[in-house]
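# Secondary and tertiary structure notes
The chain contents come next:
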Amino acid sequence: MNVYITGGNKSLRELAHSLINYCADKLFSDNLRNKITIDVDFTRTLYKEDGILGEVDFDDNNHRPKEFTMTVDITGSKRRIMETIAHEMVHIKQYAKGELVDLSRCGSTRWLGNVVDTSTNYWDLPWEIEAHGKELGLFIRWAEANDLGKQGWTQESLK
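Here the structure is a predicted model, which is why all the values come from computation and not from measurement.

## A short note on helix α4 (residues 78-96)
Given a rise of 1.5 Å per residue, 19 residues ought to cover 27 Å, and the 27 Å separating the end C-alpha atoms of α4 matches this to within 8%. Where burial is concerned, most of α4 is hidden: 17 out of the 19 residues are buried. Two residues or fewer past α4, G98 is found with a positive phi of approximately 80 degrees.

See the structure below:
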């Protein structure tokens, strides 16, 4: 897998690279992992301009793409940035395995072979349910695997 990261500071880029590799190990077969390229762009404007923390676009084609651009807003906490990366890695898995197919030319999206009405509430979209469901577990398991679990920034705030 090829991963290229721009923006942010060196420490954030190193953490992101580690998390991306961890997620790839958990989400992709070795064969698929070897075919994936991800360009990560850390930005300070995504949330302000679009109201989102992260997004993934495929750069090659809409059927089982292998080249992606992940854009992540870095104005939030380090933990939220890492959780967003884990979330977006689930979407990369969905696209690369053909589970999620963008049919925007037709105005729809296909999930596991079924066309889904994208006017459905965001929280009810099946690909978002999976991504939100896995992001926290991927983040926590990565933090534990890298002995980061006791660092303050990895802890969930109770405030």
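Moving on, there is more to tell.
## A closer look at the packing of α4 against helix α5 (residues 126-145)
Where α4 contacts α5, the axes come no closer than 8 Å and their chain directions differ by 125 degrees. Comparing the axis directions of α4 and α5 gives the class oblique. Crossing of α4 against α5: the hand is right-handed. When α4 is examined against α5, the residues R79, R80, M82, E83, A86, H87, V90, H91, K93 and Q94 are found in contact with a partner set consisting of W127, E128, E130, A131, H132, K134, E135, L136, L138, F139 and W142. Split into classes, the residues belonging to the contact of α4 with α5 amount to nine nonpolar, four polar and eight charged.

## Quick word on the nonpolar core
Core analysis: the largest hydrophobic core is formed by 43 residues, its most contacted members being F42, M70, M82, I85, M89 and W142. Within the residue set of this core, elements represented by two or more residues are β1 (2-6), α1 (10-27), β2 (37-43), β4 (67-73), α4 and α5. Beyond its immediate sequence surroundings of up to four residues, M70 is in contact with I38, D39, V40, D41, E55, V56, I85, E88, M89 and I92.

## Concerning the packing of aromatic side chains
Across all of its chains, the model carries seven aromatic pairs by this definition. Relative to Y95, the ring of F58 lies with its centre 5.3 Å away and its plane at 70 degrees, an arrangement referred to as edge-to-face. Note that F58 is positioned in strand β3 (residues 54-58) and Y95 in helix α4, a separation of 37 residues in sequence. Take Y95: its relative accessible area is 12%, and that puts it in the buried class. A ring pair is formed by Y122 and W123, whose centres lie 5.1 Å apart and whose planes are at 90 degrees; its orientation type is edge-to-face. Overall, W123 belongs to the exposed group, its relative accessible area being 56%. An aromatic cluster is built from F58, F68 and Y95, whose rings are joined through pairwise contacts.

## Some thoughts on the sheet that holds β4
Taken together, four strands build an open sheet; the order of strands is β1-β2-β4-β3 and the sheet is mixed. Strand pairing shows two members of the sheet lacking a second neighbour, β1 and β3, which therefore form its edges. Neighbour-to-neighbour, the strand axes of the sheet open up by a mean angle of 15 degrees, direction not taken into account. Sheet analysis places β1 next to β2, joined by five bridges and oriented parallel. Paired with N2 across the strands is T37, a residue of β2.

Definitions and cut-offs
Residues numbered from 1 in each chain as written. Predicted model: local features only at pLDDT ≥ 70, side-chain atom pairs only at ≥ 80, totals over all residues. Heavy atoms only, no water. Helix = DSSP H or I, 4+ residues; strand = E, 2+ residues; numbered from the N terminus. Expected span 1.5 Å × (residues − 1). Buried < 20%, exposed > 50% of the residue type's maximum accessible area, 1.4 Å probe, protein only. Axes fitted to C-alpha atoms, helices over the stretch in contact; angles between N-to-C directions. Parallel < 35°, antiparallel > 145°, perpendicular 65-115°, else oblique. Left-handed = near helix turned anticlockwise from the far one by under 90°. Contact = heavy atoms within 4.5 Å. Nonpolar A, V, L, I, M, F, W, Y, C, P; charged D, E, K, R; others polar. Core = buried A, V, L, I, M, F, W, Y, C linked by side-chain atoms within 4.5 Å. Phe/Tyr/Trp six-rings, centres within 6.5 Å; stacked < 30°, edge-to-face > 60°. Pairing = 2+ DSSP bridges.

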